[in-house]
Structures are given as structure tokens and as C-alpha cells.
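# A look at the structure
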Amino acid sequence: MDRLAYLNKLSNEIIEKLGEEVSGLLGQDFTVDDVQHGLRTRDEVYAPLSGKQVLSALTVSGDGDGVAYVVVGLKDAITLGGTLILLPPDEMAARRKKQLFDGEVCDAYGEIANIMAGVYTAVFTEHDDPKLHFKKNELLDFNPGPNDSAIPPGTYYTSVGQTRMDGAPLGSLSILIPPQLLKLPIPGATTEEEEAPGASKETAASPRGFQEVSGPIVLDSEGLLMVVSETQQSAEAFAKIFFEQCQCNLACLHFQEDFQGAIRGRKVLGVFLAMREVGERGLASIIKIQSAVGEKTPLIAAGPEWTRKTVLQAIKYGARDILVTPASTGEILGKIRQHMQTERD
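Residues numbered from 1 in each chain as written. Predicted model: local features only at pLDDT ≥ 70, side-chain atom pairs only at ≥ 80, totals over all residues. Heavy atoms only, no water.

## Comments concerning empty space enclosed by the protein
Quick reminder of the rule: Lining residues are defined by having an atom within 4 Å of a point belonging to a cavity or pocket. Those points lie on a 1 Å grid over the protein atoms alone, cavities being sets where a 1.4 Å probe fits but cannot get out and pockets being open sets with protein on both sides within 12 Å along at least five of seven lines. Grid points are joined across faces, edges and corners, and a volume is the space filled by probe spheres set on the points. Here a strand is any run of E in DSSP of at least two residues, a helix any run of H or I of at least four, and the numbering for each starts at the N terminus. Residues are grouped as follows: nonpolar covers Ala, Val, Leu, Ile, Met, Phe, Trp, Tyr, Cys and Pro; charged covers Asp, Glu, Lys and Arg; every other residue, Gly included, is treated as polar.
Overall, the coordinates contain three cavities of 30 Å³ or more when judged by the stated rule. For the largest cavity, the full set of lining residues is Cys-106, Asp-107, Gly-110, Lys-136, Glu-138, Leu-139, Asp-321 and Gln-338. For the lining of the largest cavity, the elements supplying multiple residues, two or more each, are α5 (103-127) and β4 (132-142). By residue class, the composition of the lining of the largest cavity is two nonpolar, two polar and four charged. In this model, the second largest cavity occupies a volume close to 50 Å³. Every residue along the wall of the second largest cavity is listed here: Leu-7, Ser-11, Tyr-120, Phe-124, Tyr-157, Thr-158, Ser-159, Ile-175, Ile-177 and Leu-182. The element contributing the most residues to the lining of the second largest cavity is strand β5 (residues 155-165), with three residues. Looking at the lining of the second largest cavity residue by residue, the class counts come to seven nonpolar, three polar and no charged.

## Remarks on the nonpolar core
Which entries qualify depends on this criterion: The nonpolar core is taken to be a set of buried Ala, Val, Leu, Ile, Met, Phe, Trp, Tyr and Cys residues, with the residues joined through side-chain atoms within 4.5 Å. Only protein chains enter the accessibility calculation, which uses a 1.4 Å probe; a residue whose area is less than 20% of its type maximum is buried, one above 50% is exposed, and one in between is partly exposed. Any pair of residues with heavy atoms lying within 4.5 Å of one another is described as a contacting pair.
Counting 75 residues, the largest nonpolar core has Phe-101, Tyr-109, Ile-112, Phe-134, Met-226, Val-228 and Trp-306 as its most contacted members. Tallying contributions element by element places α5 first for this core, with 11 residues. Non-local contacts of Phe-134, meaning those with residues more than four positions away in its chain, are made with Leu-58, Thr-59, Val-60, Ala-68, Ala-117, Tyr-120, Thr-121, Phe-124 and Ile-177.

## A word on the layout of surface pockets
If a probe as big as a water molecule is rolled over the atoms, it shows which places are left empty. Here the largest pocket is characterised by a volume of approximately 470 Å³. What lines the largest pocket is a set of 20 residues, and nearest its centre among them are Asn-114, Ile-115, Gly-118, Trp-306 and Val-324. At the level of elements, α1 (3-26), α5, β4, α10 (308-317) and β13 (321-324) are the ones that each hand at least two residues to the lining of the largest pocket. The greatest single-element share of the lining of the largest pocket, amounting to seven residues, is contributed by α5.

## Observations concerning the pattern of salt bridges
The condition is simple: A side-chain nitrogen of Lys or Arg and a carboxyl oxygen of Asp or Glu constitute a salt bridge if their distance falls within 4 Å.
All chains considered together, the criterion is met by 10 salt bridges. Note that Asp-129 is salt-bridged to Arg-3, the shortest N-O span being 2.9 Å. Of this pair, Asp-129 sits in the loop between α5 and β4 while Arg-3 sits in helix α1, placing them 126 residues apart in sequence. With a closest N to O distance of 2.8 Å, Lys-135 and Glu-331 form a salt bridge. One end of the pair, Lys-135, is in strand β4; the other, Glu-331, is in helix α11 (residues 329-339), with 196 residues separating them in the sequence. Given the relative accessible area of 23%, Lys-135 is considered partly exposed. Each of Arg-3, Asp-129 and Lys-183 takes part in salt bridges that share partners, so that together they form one network.

## Focus: the packing of helix α3 (residues 74-84) against helix α4 (residues 89-98)
Note the threshold: Think of each axis as a best-fit line through the C-alpha atoms, taken over the contacting stretch in the case of a helix, with angles from 0 to 180 degrees between the N-to-C directions. Throughout this description, any angle smaller than 35 degrees is read as roughly parallel, any larger than 145 degrees as roughly antiparallel, any in the 65 to 115 degree range as roughly perpendicular, and the remainder as oblique. Handedness of a crossing is defined here by the sense of rotation of the near helix relative to the far one, left-handed for an anticlockwise turn of less than a right angle and right-handed for a clockwise turn.
The contact between α3 and α4 brings their axes to 9 Å, and the two run at 155°. What the angle tells us is that α3 and α4 run roughly antiparallel. As α3 runs across α4, the sense of the crossing is right-handed. Here α3 contributes Lys-75, Asp-76, Ile-78, Thr-79, Gly-82 and Thr-83 to the contact with α4, which in turn contributes Met-92, Arg-95 and Arg-96.

## As for the environment of Gly-261
Within the secondary structure, Gly-261 is located in helix α8 (residues 259-263). Overall, Gly-261 belongs to the partly exposed group, its relative accessible area being 29%. Sequence-wise, Gly-261 and Ala-292 are 31 residues apart; in three dimensions their C-alpha atoms are separated by 9.0 Å.

## Examining the sheet that holds strand β8 (residues 223-229)
The cut-off we apply is this: Strands qualify as paired when DSSP identifies two bridges or more between them.
Spatially, the five strands line up as an open sheet ordered β10-β8-β11-β12-β13, and their pairing is parallel. The open sheet has two edge strands with one neighbour each: β10 (250-254) and β13. Averaged over all pairs of adjacent strands, the angle between strand axes in this sheet comes to 20°, irrespective of strand direction. Where β8 and strand β11 (residues 267-274) come together, seven bridges link them in parallel fashion. Opposite Leu-225, over in β11, you have Gly-270 as the bridge partner. Contacts from helix α9 (residues 280-293) reach β8, β11 and β12 (299-303), with the element oriented near 175° to β11.

As C-alpha cells, then:
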């Protein structure tokens with residue numbers, strides 16, 4: 001079996017598992033049909049797309065380093081995210097009409113993108129050729145076109161299919177992976193061309209908005225960042241990961257803390273709920289924390305081994321976003337930049 005045929009076989013397995021996992025998360029049958037795999041340029045993938053799209057960047061590590069991309073229609077992302085949080089049909093229709101992709105709907109779709117990344121990781125880890133790990137980064141809505149900078153131009157290994165939910169047609173799903181990550185040469189390409197797009201070279205251009213944040217950031221000097229965990233010591237351990245790169249006023253608290261008293265008179269910019277194990281006790285503390293800081297204050301629920309049930313609970317209780325731990329400094333700083341008020345980037 002040649003390399004391309006091997007990757008097509010793996011990709012068929014991935015698409016099948018992706019349908020199963022997303023179906024389980026949504027509680028509705030989700031499929032990707034009429035899937036075509038192969039090498040295409042970015043602009044060839046763009047050609048049949050119309051209207052605004054949602055891009056999920058997947059940071060890839062392991063035998064290769066780079067960025068892969070998942071593209072769906074904005075209205076489809078609203079439908080998928082809205083279904084996950086049980087959005088009423090009239091509100092779903094209004095959001096689709098106005099193309100409102102924000103708040104809980106955006107966060108919920110982000111969890112679906114997490115599932116996609118997890119499926120790719122599981123299959124490539126199992127087959128081990130290459131062994132790759134995929135991790136969802138930020139989301140971006142964009143209008144694809146020849147001058148677009150969201151995805152670097154070039155040739156990718158792609159999987160493109162049509163999505164359905166409970167038999168009703170949605171739109172297309174496009175997945176683009178730099179062929180170098182898959183040990184797949186680009187026919188007719190020079191060595192320089194094979195280094196792009198998404199190459200692991202430090203000098204390769206990073207796509208807009210998706211590079212891992214590694215520089216220091218400064219939070220509003222009048223505000224406070226809270227880290228809450230089972231104990232104050234575990235909260236301090238979590239904060240230590242990013243504190244040197246984030247200049248801020250910090251409060252490390254435990255689950256039984258008097259949150260109202262701890263923050264009295266202070267403006268809370270955001271909260272990290274850092275759980276050693278994701279469970280009912282930790283997730284229930286979201287309600288207690290938000291009663292003290294207010295529902296509009298972003299709360300990031302961090303912990304290992306998330307399941308469909310715990311993701312739904314976290315969103316239901318009011319978490320703005322989910323962070324899978326252990327997490328790097330850059331990943332934590334990325335959540336701060338995305339959700340909390342900064343004085344400068």
C-alpha cells in the first residue's frame with residue numbers, strides 16, 4: 001500500500017470515529033458523508049465554500065510540529081454549538097439568521113472541535129506512523145478567499161465531506177493537514193516549498209491568531225485574577241506555571257474560601273478553576289464562585305480527562321471555556337488573552 005492510500009485508510013477510520021464521538025456528545029446522529037481525501041491547495045478547498053466560515057486551528061506535535069485546520073460553515077457551527085447547549089429552536093434560528101457566533105454557542109462548538117482533535121490524536125497514536133498529537137487552539141470566523149491569511153496558502157492533505165445531523169443536511173467539513181506532518185511529499189515541490197505550509201521551522205510564518213502565546217502579558221492593574229483549587233497550595237502550584245509571564249494581581253483560593261470576602265472591593269477580571277480531578281464537587285463550585293464574581297466574569301474550568309457529561313455540566317453551570325490539563329504556560333496565557341482584559345498584547 002502506498003503512502004497516500006495508507007493515509008486515506010486512516011482518514012476514513014478517523015471520519016467514522018469522529019461521527020461516533022460527536023454523535024455521543026450531541027445526543028444526535030452526526031455523520032460526515034461523501035468524504036474525499038487527497039492533496040489539494042488551500043484555494044481548491046476554498047473554491048466551493050460560500051459565506052462566512054469558522055476555522056479551528058489544531059496545534060500538532062509529536063513526530064512533526066505544525067498546525068492543521070478544520071473549517072465549517074458559520075451557520076453550521078452555530079447549529080452544532082447550539083445543539084450541545086440545548087439552545088431553543090427559535091433562538092437557534094435567530095442566531096443563524098444574524099450569524100451570531102459568540103458566548104456559550106462559540107464555547108460549545110469549541111468543545112466539539114476538542115473532540116475532533118481527540119479523535120485525530122487517538123488514531124495517529126494507535127497506528128504510530130506518524131505518531132501525532134492534535135490539540136485545539138482558538139477559533140476564528142473568516143471569509144475564505146485568495147487574500148485570506150487565516151490559513152497559509154499551499155498544498156495540504158485534505159479530507160472534505162458533507163455533514164448531516166439526524167439526517168438533515170448541514171454544510172461541508174474541510175480538514176487540512178500539512179503533508180510534511182504525514183511524511184507525505186508534495187508532487188513536484190521543491191525542498192523550500194515542502195517546508196511550507198505549517199512547517200516546524202521556527203522561521204515559518206504562523207497563521208493569524210493561532211500561534212501559541214509565549215511573550216509576557218499585563219492585565220488591567222486595577223483588576224484581580226483568581227485561581228481556585230481544592231487547596232490553596234494546589235491553586236498556587238497552578239498559578240506558578242504562568243505567573244512569571246503574566247503581570248497581574250493574583251488571588252489563590254481554595255474551594256471552601258469566603259469568595260465574597262476575598263474579593264470585596266476588587267474588580268475580578270477572570271477565574272481559573274483548577275481541578276486535580278474533574279468531578280461534581282469541583283464543577284459545583286462554579287456556581288458558588290460566580291455568585292461572588294458575577295456571571296459576566298469569565299471562568300475557565302481546568303482539569304484532566306474531560307467527558308461529555310462533565311463538559312455539559314461545566315457549560316451548564318457557567319464556565320466560559322475548558323482547559324485540558326496538564327497545560328503549558330502558552331496555553332494558559334492564551335486563555336487569559338482570549339477572555340480577560342489586558343492592558344497590552
